[in-house]
Amino acid sequence: PPIHGIQVGMMQKSGGMIGFTTWIGKYAVSPRAGQLATFAIGLIVFFDDYANTLLAGQTMRPLADLLFISREKLAFLVDATAAPVASISPISSWVGFEVSLIETEIKRIESIVGEENLTIEDSGLAVFFESIKYRYYPWFMLFLMPLLILTKRDFGPMLIAERKTQVYERTDGGDSAGREGGVSDGGNEPCEDTPKKAWNMLIPIVLLVFFIFYLLVATGAEAIGHDADFIKKIEASDSYSALLWGTMATALLSLILYLIQIVQYGELVIPTWSVMKLCFTKEEKLDDAETKAFKENDIANVENNAKTKMEGPSESRSAEEGLLDNVEEAVDAKPSSVADFSEGDKEGEATDKVNDAGTEVAKSSKPRSLMSIHESVESFLFGMGRIFPALIVLTLAWASGALMTTVGADRLFSKWITEGVAASILPTLSFIISLLMALATGTSWGTMTILFPLLCLPTYTVSEGDPAIF
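Please read these numbers as outputs of a predicted model, since none were measured by experiment. (Residues numbered from 1 in each chain as written. Predicted model: local features only at pLDDT ≥ 70, side-chain atom pairs only at ≥ 80, totals over all residues. Heavy atoms only, no water.)

(A) The overall build of the protein, seen in detail. A count of helical and extended segments in the protein gives 20 helices and three strands. Across the 470 residues of the protein, 44% fall into the buried class. Looking at the protein alone, contacts between residues at least 24 apart form 76% of all its contacts between residues at least 6 apart. Carbon and sulfur atoms make up 63% of the accessible area of the protein, which amounts to about 24800 Å² in all. (Helix = DSSP H or I, 4+ residues; strand = E, 2+ residues; numbered from the N terminus. Buried < 20%, exposed > 50% of the residue type's maximum accessible area, 1.4 Å probe, protein only. Contact = heavy atoms within 4.5 Å. Areas by Shrake-Rupley, 256 points an atom, 1.4 Å probe, with all protein chains shown as cover.)

(B) Inspection of the pattern of salt bridges at higher detail. The tally for this structure, following the rule as stated, stands at five salt bridges. Arg135 is the salt-bridge partner of Glu98, the closest N and O atoms lying 2.5 Å from each other. Of this pair, Glu98 sits in helix 6 (residues 93-113) while Arg135 sits in the loop between helix 7 (124-131) and helix 8 (136-151), and the two are 37 residues apart along the sequence. The same class applies to Glu98 as to Arg135, namely buried. (Salt bridge = Lys/Arg side-chain N within 4 Å of Asp/Glu carboxyl O.)

(C) A negative patch on the surface, seen in detail. On the surface, Glu115, Glu116, Glu121, Asp122 and Glu130 cluster together into a patch of negative charge. For Asp122, the position within the fold is in the loop between helix 6 and helix 7. (Patch = residues over 30% accessible without salt bridge, like charges linked within 9 Å, V, L, I, M, F, W, Y side chains within 5 Å. Lys, Arg positive; Asp, Glu negative; His and termini not counted. Charge placed at Lys NZ, Arg CZ, Asp CG, Glu CD.)

(D) Structural detail: unusual backbone geometry. The phi dihedral of Glu169 is positive, around 50°, even though this residue is not glycine. On the accessibility criterion, Glu169 (52% relative accessible area) is exposed. The backbone of Tyr265 sits at a positive phi, close to 55°, despite the residue not being glycine. For Tyr265, the location among the structural elements is in the loop between strand 1 (262-264) and strand 2 (267-269).

(E) Examining helix 9 (residues 156-167) more closely. Counted at 1.5 Å a residue, the expected span for helix 9 with its 12 residues is 16 Å, and the 17 Å between its end C-alpha atoms agrees. For helix 9, the complete set of buried residues consists of Met158, Ala161, Glu162 and Thr165. The buried residues of helix 9 occupy one face: seen down the axis, they fall within an arc of 95°. For helix 9, the exposed residues lying more than 90 degrees away from the buried face are Ile160, Arg163 and Val167. Contacts from the buried residues of helix 9 go to helix 3 (31-44) and helix 5 (71-88). Glu169, located one to two residues past helix 9, shows a positive phi value of around 50°. (Expected span 1.5 Å × (residues − 1). Arc of directions from axis to C-beta.)

(F) Spotlight on the side chain of Thr21. With respect to the helices, strands and loops of the structure, Thr21 is situated in helix 2 (residues 16-25). By relative accessible area, Thr21 is classed as buried at 12%. Setting aside residues no more than four positions away along its own chain, Thr21 makes contact with Thr59 and Leu63.

(G) Inspection of the nonpolar core at higher detail. Judged by nonpolar contacts, the single largest core of 47 residues is most densely connected at Met11 and Leu55. The element best represented in this core is helix 4 (residues 49-66), accounting for seven residues. Core analysis: the next-biggest nonpolar cluster, separate from the first, contains 17 residues, Ile102, Val127, Cys456 and Leu457 among them. (Core = buried A, V, L, I, M, F, W, Y, C linked by side-chain atoms within 4.5 Å.)

(H) View of the confidence of the model for the protein. Summing up the model confidence of the protein, the mean pLDDT is 76 and the portion of residues at 70 or higher is 79%. At the low end of the mean pLDDT range in the protein sits helix 15 (residues 325-332), at 41; at the high end sits helix 8, at 91. In this model residues 285-291 is a low-confidence stretch, pLDDT under 50, and it forms eight contacts with partners more than four residues away in sequence or in other chains. Contacts for the low-pLDDT stretch residues 308-363, under 50 throughout, to residues beyond four places or in other chains number 40 contacts. (pLDDT = per-residue confidence, 0-100.)

Written out as structure tokens, the structure is:
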């Protein structure tokens, strides 16, 4: 999850998230289309539930406001898609973590019954594949979401929230706007002149899927041989290593992708030798004659525009003035007392403003990378900061699970289950216990961390190794 948070931070800083929202906005022109787009983004970002929530929520929030979708409905769409799709995707961080817990329990069972007497799969990923058909909640939610969107059906408080935003055409997100907590958007916005391109979000996602699949197959082939079929390689793979190295490779390649894109005047330019030379040359050390002439031409244009404004409107404007509208506005925005100045004072003030404005224009004319290494590092830290609270909860859940095992809670559960519980009701009992634990802790990962050591071994013992019950 930390590396996924880093990736989301980089995609936000690069302008890819805004570009993707703009692209989606061309087709999502109604509340129904906007909700379907949110659902689709949730399916695309299947590799991590927390990153899915950050990415889909922040990407679609401005568009959802414009389409009169309440914040309550947006939160429901994002959350009810993120967790289900991540919990059944074999290359998600959720499943990677779950598989590691399953493999730990399989090793415990092997140490008791012996490897030759094991009646279940000896691979955590293989056990996960067997459990997909029993994951009723994810499948139900993934079927329910498009059904509710297409039929425009809402219930209870959600219906009230949606009616308020759509009847009154509120573009502020409704009554719940402003009550979001925890995650802040500030500090990681792209620069004003950064081109907002959707590929800066889509390319890293494609790279992530490719690397994780490649590493899953590679680690599986290393474990059982290259002659095994694809499914067997996936089942025998090291999902933790695949997720770790796959996401790290994606983050590094994303850094390079953003570094080689050159921006000038708010547009991407071809990275020719002269452009690259200017890009990596400090501003105060630019001695190239062509660069000096380029900057002097910019400042001369500013002077002409400013003097024209001071002397009165001109009958014609040069084509270069269109590039300097922001400088003209700065010159226009003078206090009313300027009317009392003498003509010489006006020219002196205009000259000062031109010097400052010319410096800014010369600065903006200098090519730069879409994201520098410094900006990438800042987005790294920003992404880590947003994930850090979840890591604290997960660490405490790990500690709780280890503590319960140390004090013998797993043996107590085993005694209760083996003495008076029928094997056929163990799935239902596990569901109820997990429900109460999830409500108490507020974390699915924490619930898995605590309950896997408590329930897996007793369940295997009572069911006599029945794979369907386990």
